[in-house]
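Okay, here's what each chain looks like letter by letter:
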Amino acid sequence: MFKSIFHIDHIIVAALTIVIIEILVVVAVNLDFLSPVVRALDSFSMTDVYYKIENRGGQTEYCNTITLVDMTELTRRQDIANVIREIKALKPAVLAVDIIFEGQIQDGDGDDLLAKASLDGNATGTVWANKLTKYKEEDGGFQDCLHSFFIEEGELHEGFVNLVDDPAKTIKRYAITLPYKDTLAYSLPAQVVRILKKGDLTEERTHTINYKPVVFPVVKYDELSSYRELIEGHIVLLGTTQEEREMYYTPVGQKSGMEILAYTILSMTESSPIRHASRWMIILWALIAGYLTNLIDFFLTKRIENRRSTLMVFISQSEFYDKIISFVVMMLITWASFELYVRQNYFVDTVLALSTIVLIEEGRLLYVGLLSVLKKKTKWKWIEKSVYAKDLK
């Protein structure tokens, strides 16, 4: 029995199943009519499920480092300039302005007030939004930038607010840097982190957003003095939270662009960012899943076959029996992955592992078929040591 548990046959069956899956993926990628399926699978991530589980748990964390200031109702530049100066007077750790003031519009003295507000107070502790445009792959990146008209008047920090979406148009990752002309441009969240930590972030190009259950305090533009404790020493984001055109789909529902920026900054400033398992770790995870599924199926089938109960024989021959085994192992693998993600911030993509569990029977049939052919064509004695030796024709 001990030898049967650690028999190499179970690993080989799991490996063959993974090979079958990889072949199916290659075929699907190269067939145009299957492209919607490929895009759907590509956009699926177990993190979506994890976030929903966490956010439905009822334990919501209150963020005490980031505050959102909503100025949705403001339209005049002079009023926005006054709000910016008021926020700076309350001494935030960093102020990030999620608004692009494109061109001068001669809004009374609004343009001049904005230009002065950008330089007044802690100018080096303020990040202004811009947007990279005119992407040309042949030229190596973005070739133009849309920014506020006063940026060139002083040494001001800028960060792009271009969002990175997946095939399903769901925001899961945020860019740290993007190629701009002959250099790399930093995103607004990255610039905030650089100011806080006084360092560069060059180890990765994109960042996985951790949509953990958290509530960001929102202060209206005309209530700043009443909530000084939420401004002073905090990371403050100024922008809109109510405009429909600024709403985006995320794994936890629709969120405003400013909320996505807040989640991103929080993810980047936490001491334990999300780490992604390597491709080899994902394959190992799939091998473990396939091994467990095949092992459990093998032992239960042998145990049932030794019983003469009509009910047991019926169960062993039923497809429902295999589905139960697959379901149990799926729950075990999903639970283990969830624990790694929640407790260790370590994400293992389980799509390959779950696919291996579902298709393990195909891998087993292929392996038994190969052994049958080898038994007829060769005289290899090791075939007789297989746990499926009695099933060979």
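Up top you'll find the structure we're talking about.
Let us look at the structure shown here. Just so we're clear, the structure is a prediction, and the values are computed from it rather than from any experiment.

Conventions used here
- Residues numbered from 1 in each chain as written.
- Predicted model: local features only at pLDDT ≥ 70, side-chain atom pairs only at ≥ 80, totals over all residues.
- Heavy atoms only, no water.
- Helix = DSSP H or I, 4+ residues; strand = E, 2+ residues; numbered from the N terminus.
- Buried < 20%, exposed > 50% of the residue type's maximum accessible area, 1.4 Å probe, protein only.
- Contact = heavy atoms within 4.5 Å.
- Areas by Shrake-Rupley, 256 points an atom, 1.4 Å probe, with all protein chains shown as cover.
- Salt bridge = Lys/Arg side-chain N within 4 Å of Asp/Glu carboxyl O.
- Polar contact = N/O pair within 3.5 Å; in protein donor to acceptor, adjacent residues only side chain to side chain.
- Axes fitted to C-alpha atoms, helices over the stretch in contact; angles between N-to-C directions.
- Parallel < 35°, antiparallel > 145°, perpendicular 65-115°, else oblique.
- Left-handed = near helix turned anticlockwise from the far one by under 90°.
- 1 Å grid on protein atoms, 1.4 Å probe; cavity = no way out; pocket = protein on both sides within 12 Å on 5 of 7 lines; lining within 4 Å.
- Points joined across faces, edges and corners; volume = space filled by probe spheres on them.
- Nonpolar A, V, L, I, M, F, W, Y, C, P; charged D, E, K, R; others polar.
- Phe/Tyr/Trp six-rings, centres within 6.5 Å; stacked < 30°, edge-to-face > 60°.
- Lys NZ or Arg CZ within 6 Å of the ring centre and 35° of its normal.
- Expected span 1.5 Å × (residues − 1).
- Pairing = 2+ DSSP bridges.
- Patch = residues over 30% accessible without salt bridge, like charges linked within 9 Å, V, L, I, M, F, W, Y side chains within 5 Å.
- Core = buried A, V, L, I, M, F, W, Y, C linked by side-chain atoms within 4.5 Å.

**Notes on the overall build of the protein chain**
In terms of regular secondary structure, the protein chain is built from 13 helices and 18 strands. Put simply, the protein chain has 393 residues, and 46% of those count as buried. Sequence separation of 24 or more characterises 78% of the internal contacts of the protein chain that already satisfy a separation of 6 or more. When the accessible surface of the protein chain is summed, it comes to about 21,700 Å², and 57% of that surface belongs to carbon and sulfur atoms.

**With respect to the pattern of salt bridges**
The full count for this structure, using the stated rule, is six salt bridges. The partner of Glu-73 in a salt bridge is Lys-220, with the nearest N and O atoms 3.1 Å apart. Of this pair, Glu-73 sits in the loop between β2 (66-70) and α5 (77-89) while Lys-220 sits in strand β13 (residues 218-220); the two residues are 147 residues apart in sequence, bridging distant segments of the chain. Overall, the relative accessible area of 54% leaves Glu-73 in the exposed class.

**A word on the side chain of Ser-267**
Tracing the sequence through the fold places Ser-267 in helix α8 (residues 257-269). Here Asn-210 takes part through its backbone nitrogen, which lies 2.9 Å from a polar atom of the side chain of Ser-267.

**Section: the packing of α5 against helix α6 (residues 110-119)**
Remark: α5 packs on α6, axes separated minimally by 8 Å, with the N-to-C direction vectors making an angle of 20°. By the angle class used here, α5 and α6 are roughly parallel. In the crossing of α5 with α6, the sense of the turn from one axis to the other is left-handed. On α6, the residues touching Arg-77, Gln-78, Ala-81, Ile-84, Arg-85 and Lys-88 of α5 are Gly-110, Asp-111, Leu-113, Leu-114, Ala-117, Ser-118 and Leu-119.

**Some thoughts on unusual backbone geometry**
Although it is not a glycine, Lys-91 adopts a positive phi angle of roughly 60°. Tracing the backbone shows Lys-91 in the loop between α5 and β3 (94-97). A positive phi angle, close to 55°, is found at Lys-181, a residue other than glycine. Summarising the element assignment, Lys-181 is placed in the loop between β9 (177-180) and β10 (183-186). You can call Lys-181 partly exposed: its relative accessible area is 44%.

**Re the environment of Glu-246**
Take Glu-246: it is sitting in the loop between β14 (235-239) and β15 (247-250). A sequence separation of twelve residues divides Glu-246 from Met-258, and the C-alpha atoms of the two residues are 8.3 Å apart. Look past the residues within four positions of Glu-246 in its chain and what remains in contact with it is Thr-240, Lys-255, Ser-256 and Gly-257.

**Details of the layout of surface pockets**
Of the voids in this model, the second largest pocket is the one considered here, and its volume is about 710 Å³. Surrounding the second largest pocket, 26 residues form its lining, Asp-98, Ile-99, Ile-100, Arg-245 and Glu-246 being those nearest its centre. The set of elements that each furnish at least two residues to the lining of the second largest pocket consists of α5, β4 (126-136) and α8. Counted by class, the lining of the second largest pocket contains 14 nonpolar, five polar and seven charged residues.

**Digging into the packing of aromatic side chains**
Taken as a whole, this structure holds seven aromatic pairs when the rule is applied. For the pair Trp-128 and Phe-150, a centre-to-centre distance of 4.8 Å together with 80° between the ring planes defines the contact as edge-to-face. In this pair, Trp-128 sits in strand β4 while Phe-150 sits in the loop between β5 (141-146) and β6 (157-160), placing the two residues 22 residues apart along the sequence. No difference in accessibility class separates Trp-128 from Phe-150, as the two residues are buried. Between the NZ or CZ atom of Arg-194 and the centre of the ring of Tyr-186, over which it lies, the distance is 3.9 Å.

**Here's the deal with the environment of Gly-257**
Mapped onto the elements, Gly-257 comes out in helix α8. Overall, Gly-257 belongs to the buried group, its relative accessible area being 8%. When near neighbours in sequence (up to four residues on either side) are disregarded, Gly-257 contacts Asp-98, Glu-246 and Tyr-248.

**Examining α5**
For an α-helix the count is 3.6 residues per turn, leaving residues at separations of three or four pointing the same way. Compared with an ideal rise of 1.5 Å per residue, which puts 13 residues at 18 Å, α5 spans 18 Å between its outermost C-alpha atoms and is within 8% of the ideal. Buried residues of α5: Arg-77, Gln-78, Ile-80, Ala-81, Val-83, Ile-84, Ile-87 and Lys-88, and no others. Against the buried residues of α5 lie β2, β3, α6, β4 and β14. With its phi angle positive at about 60°, Lys-91 sits one or two positions after the end of α5.

**Quick look at the pairing of β9**
Going residue by residue along β9, you find Thr-177 and Pro-179 tucked away on one face and Leu-178 and Tyr-180 tucked away on the opposite face as well. The turn joining β9 and β10, which pair antiparallel and follow one another in sequence, is formed by two residues; a positive phi near 55° is taken by Lys-181.

**A closer look at a nonpolar patch on the surface**
A cluster of nonpolar side chains, contributed by Ile-324, Phe-327, Val-328 and Met-331, occupies part of the molecular surface with about 380 Å² of accessible area. Relative to the assigned elements, Met-331 resides in helix α11 (residues 319-344).

**A closer look at the nonpolar core**
One recurring pattern in soluble globular proteins: nonpolar side chains tend to sit buried together. Ranked by internal contacts, the top residues of the largest apolar core, which has 29 residues, are Ile-84, Ile-87, Phe-101, Trp-128, Phe-150, Leu-224 and Leu-238. Among the elements of the structure, α5, β3, α6 and β14 are those that each provide at least two residues to this core. In terms of residues, this core owes the most to one element, α5, which gives five residues. Setting aside residues no more than four positions away along its own chain, Phe-101 makes contact with Arg-77, Ile-80, Leu-114, Trp-128, His-147, Ser-148, Phe-149 and Phe-150.

**A few points about the packing of helix α7 (residues 188-197) against α8**
The contact between α7 and α8 brings their axes to 9 Å, and the two run at 40°. The orientation of α7 with respect to α8, classified from their angle, is oblique. Relative to α8, the crossing made by α7 is right-handed. On α8, the residues that touch Leu-188, Pro-189, Ala-190, Val-192, Val-193, Leu-196 and Lys-197 of α7 are Leu-261, Thr-264, Ile-265, Met-268 and Thr-269.

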